[in-house]
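# Survey of secondary and tertiary structure
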Amino acid sequence: MISVIIPCYNGERYIGDTIRSVLRQRRDALEIIVVDDGSTDGSREAVAAAGGPVRYLKQPHGGAALARNLGVQHSRGGLVAFLDADDLWCDSALAALSAPLERDPALGMAVGLMEQFVSPELEDGVRHGFRFSPERVVARMCGTVLLRRSEFDRVGGFSPELRSGEFTDWILRAEAKGVRFVTVSELVLRRRLHLTNHGVLRRDARQDYLKVVKAALDRRRAGDAGARP
Amino acid sequence: MKVDDVFRVNSPRVIFENIDGELILVHMEKGAYYTTDEVGAALWDLIGSHCTAGEIADALASQFDASPDEIEAATRAFLTRLMDEELIVPDEAADDRATPRRPLPIAKRPFRAPGLQSYQDMQDMLALDPIHDVEAAGWPVPRPEDDPSISTRSA
């Protein structure tokens, strides 16, 4: 079974589209868990309106890291994927990502391609303000990776003290633990750009990327020192 | 580069912080990150206080033990490198800028020309921040209901 965990904080506008993109996956044995991170908008109703077998959990507002960790605790799948409440999966995303993991038990993670799009309902003036590459790129981010649950447990959960970069931090910790990953050359994620993107709203939180980088550098140096005879 | 050239950090594309004694820089648009050494970090602090290239070299000469010529050459080279990496950009000298405070001439520390280490291995993860060209008009202010931790402020 694959567990799909979607943290949602005031995501009423787009989460219906996100859930429907999961329901379109050509894949059986799927479990969808939405973790409402203390939303004050109509997220709950939007989740219900999207239809499909979705488990809805709610926590007091504590950030995406805590929400994802809670989702994992309540999940049952041997494979786990995370998706943000505004992004969309391509229909064959899970089929493409799960194939190598099911073939090779030594693999811990599969990564696919991502492309960005500007949310179509935005006014022209806003739409044209976004600068982004239209190319399909490999990006290790929420929504492009499928993980083996046992490897997730070995690396540990997302760091709740990070307000940004917690997914990057997790990937870097996974690298340090030697989690083996494979890249799948198929488009899996369509990332929505809009004015309420976390990175747009919470620019102050970007400083946390510096902590993530510093921690990764320190881990590498400790590893290098340990590797010396 | 002239001695009275002034620079500023290439914000908001560049973020930086001194964590546990190590200066970390990230260029969010390029997805590159950088580290430097003691002299580089001291030089970076001086850029932040709007010093001219000449004042930066003078201030470093008061803290580190080397000939003024050596320090000036190293300062120019490092500023050029930072410009090439788009970590700093030229700035207009502000009229009201303060003259940098000279530290008391205590024992000078040994000088080594500052180095900048550049890393690209997290490019796919660091260059993901959405970029929206509203910087001149101000970043969009979230409505208070979007985030309880942000209070309303006027435009």
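In this convention, every chain numbers its residues from 1, walking through the sequence in written order. Here chains are named by letter from A upward and ligands by number from 1 upward, in the order in which they appear as written. Where local features are concerned, this predicted model is filtered to residues with pLDDT of at least 70; where side-chain atom pairs are given and counted, the filter is 80 or more; whole-chain, interface and lining totals use all residues. For side-chain calculations, the full set of non-hydrogen atoms in the structure is used, while hydrogens and water are omitted.

## Some words on the overall build of chain B
The criterion, for reference: A run of H or I in DSSP becomes a helix once it reaches four residues, and a run of E becomes a strand once it reaches two; helices and strands are each numbered from the N terminus. Remark: exposure states derive from per-residue accessible area (1.4 Å probe, protein chains only) relative to the maximum for the residue type, with buried under 20%, exposed over 50%, and partly exposed in between. Here, two residues are considered to be in contact whenever any of their heavy atoms come within 4.5 Å of each other. In short, Shrake-Rupley with a 1.4 Å probe defines the accessible areas, and a residue's cover is counted only from the protein chains shown.
When helices and strands are tallied, chain B shows four helices and nine strands. What you see in chain B, going N to C, is helices and strands ordered as β-β-β-β-α-α-β-α-β-β-β-α-β. Within the span of chain B, comprising 155 residues, buried residues form 44% of the whole. Within chain B, contacts between residues separated by at least 24 positions form 70% of all contacts whose residues are at least 6 apart in sequence. On chain B, roughly 8,200 Å² of surface is accessible, and the fraction owed to carbon and sulfur atoms is 51%.

## Structural notes on the packing of helix α1 (residues 15-23) of chain A against helix α2 (residues 43-50) of chain A
Residue and element names in this part refer to chain A. So the rule is basically this: With axes taken as lines fitted to C-alpha atoms, and helix axes fitted only over the stretch in contact, angles between N-to-C directions fall between 0 and 180 degrees. By the definition adopted for this analysis, an angle is roughly parallel if under 35 degrees, roughly antiparallel if over 145, roughly perpendicular if from 65 to 115, and oblique otherwise. Handedness of a crossing is defined here by the sense of rotation of the near helix relative to the far one, left-handed for an anticlockwise turn of less than a right angle and right-handed for a clockwise turn.
For the pair α1 and α2, the least separation of the axes is 9 Å and the interaxial angle reads 30°. Comparing the axis directions of α1 and α2 gives the class roughly parallel. The two elements α1 and α2 cross, and the hand of that crossing is right-handed. Of the residues in α2, those in contact with Ile15, Gly16, Ile19, Arg20 and Leu23 of α1 are Ser43, Ala46, Val47 and Ala50.

## Observations concerning the environment of Ala49(A)
All names here are of chain A. Tracing the backbone through its elements, the reader meets Ala49 in helix α2. Overall, the relative accessible area of 65% leaves Ala49 in the exposed class. It is 31 Å that separates the C-alpha atoms of Ala49 and Gly165, two residues lying 116 residues apart in sequence.

## Digging into the side chain of Arg192(A)
All names here are of chain A. So the rule is basically this: Distance and chemistry together define a polar contact, namely a pair of N or O atoms within 3.5 Å, with one atom able to donate a hydrogen and the other to accept it when in protein, and with adjacent residues in sequence counting only for side-chain atoms on both sides.
Turning to its location among the elements, Arg192 is positioned in strand β10 (residues 181-193). Among the polar contacts made by the side chain of Arg192, one reaches the side chain of Asp17 at a distance of 3.5 Å. At 2.9 Å, the side chain of Arg192 forms a polar contact with the side chain of Ser119. In this structure Arg192 touches Tyr14, Asp17, Asp86, Asp87, Leu88, Phe117, Ser119, Pro120, Glu121 and Asn197, once residues within four positions along its chain are discounted.

## Looking at unusual backbone geometry
A cis amide bond links Ser11(B) with the next residue in sequence, Pro12(B), at an omega value of 0°. Looking at the element boundaries, Pro12(B) is found in the loop between β1 (6-9) and β2 (14-19). Here the phi dihedral of Asn10(A) falls at roughly 50°; this positive angle occurs in a residue that is not glycine. Looking at the element boundaries, Asn10(A) is found in the loop between β1 (2-8) and α1.

## So, the sheet that holds strand β3 (residues 22-27) of chain B
Residue and element names in this part refer to chain B. The criterion, for reference: Two strands pair under a simple rule: DSSP has to find at least two bridges between them.
Taken together, the four strands give an open sheet; going across it, the order is β2-β3-β4-β8, and neighbouring strands pair in antiparallel fashion. Every interior strand has two partners, whereas the edge strands, β2 and β8 (116-119), have only one. Across the sheet, the axes of successive neighbouring strands diverge by a mean angle of 20°, strand direction being ignored. Pairing analysis gives six bridges linking β2 to β3, with the strands arranged antiparallel. Looking at β3, one finds that Phe16 is bridged to Leu25. Each of β2, β3 and β4 (32-36) is contacted by helix α1 (residues 38-48), which is oriented at about 65° to β3, the strand it contacts most.

## Observations concerning the pairing of strand β2 (residues 30-37) of chain A
Residue and element names in this part refer to chain A. Selection criterion: Whether a crossover is right-handed comes down to one check: with the strands pointing away from the viewer, does the path from the first strand over the helix to the second run clockwise; if it does, it is right-handed.
Burial analysis of β2 places seven of its eight residues in the buried class, which makes it a mostly covered element. One ladder, built from seven bridges, connects β1 with β2; its direction is parallel. Within β2, the position partnered with Ile5 by the bridge is Ile33. Read from β1 through α1 to β2, the crossover connection turns out right-handed. As judged from the six bridges shared by β2 and strand β3 (residues 54-59), these two strands associate in the parallel manner.

## Considering the nonpolar core
Under the convention used in this document: Grouping buried Ala, Val, Leu, Ile, Met, Phe, Trp, Tyr and Cys residues that are joined through side-chain atoms within 4.5 Å yields what is termed a nonpolar core.
Counting residues in hydrophobic clusters, the biggest one holds 40 residues, and the most contacted among them are Phe82(A), Met109(A), Trp170(A), Val213(A), Val26(B) and Met122(B). Looking at this core, the element that brings in the most residues is helix α9 (residues 208-227) of chain A, giving six residues. Beyond its immediate stretch of four places on either side in the chain, Met109(A) contacts Leu101(A), Val145(A), Leu146(A), Leu147(A), Trp170(A), Ile171(A), Val179(A), Arg180(A), Phe181(A) and Val182(A). Formed by 32 residues, the second largest nonpolar core is a distinct cluster that contains Ala46(A), Leu79(A), Ala110(A) and Leu128(B).

## Observations concerning the confidence of the model for chain B
Put simply, the test is: Looking at any residue, its pLDDT shows the predictor's confidence there, from 0 to 100.
When pLDDT is averaged along chain B, the result is 82, and 75% of the positions lie at 70 or above. Note on residues 135-155 of chain B: pLDDT is under 50 here. Beyond four places in sequence and across chains, it has 27 contacts.

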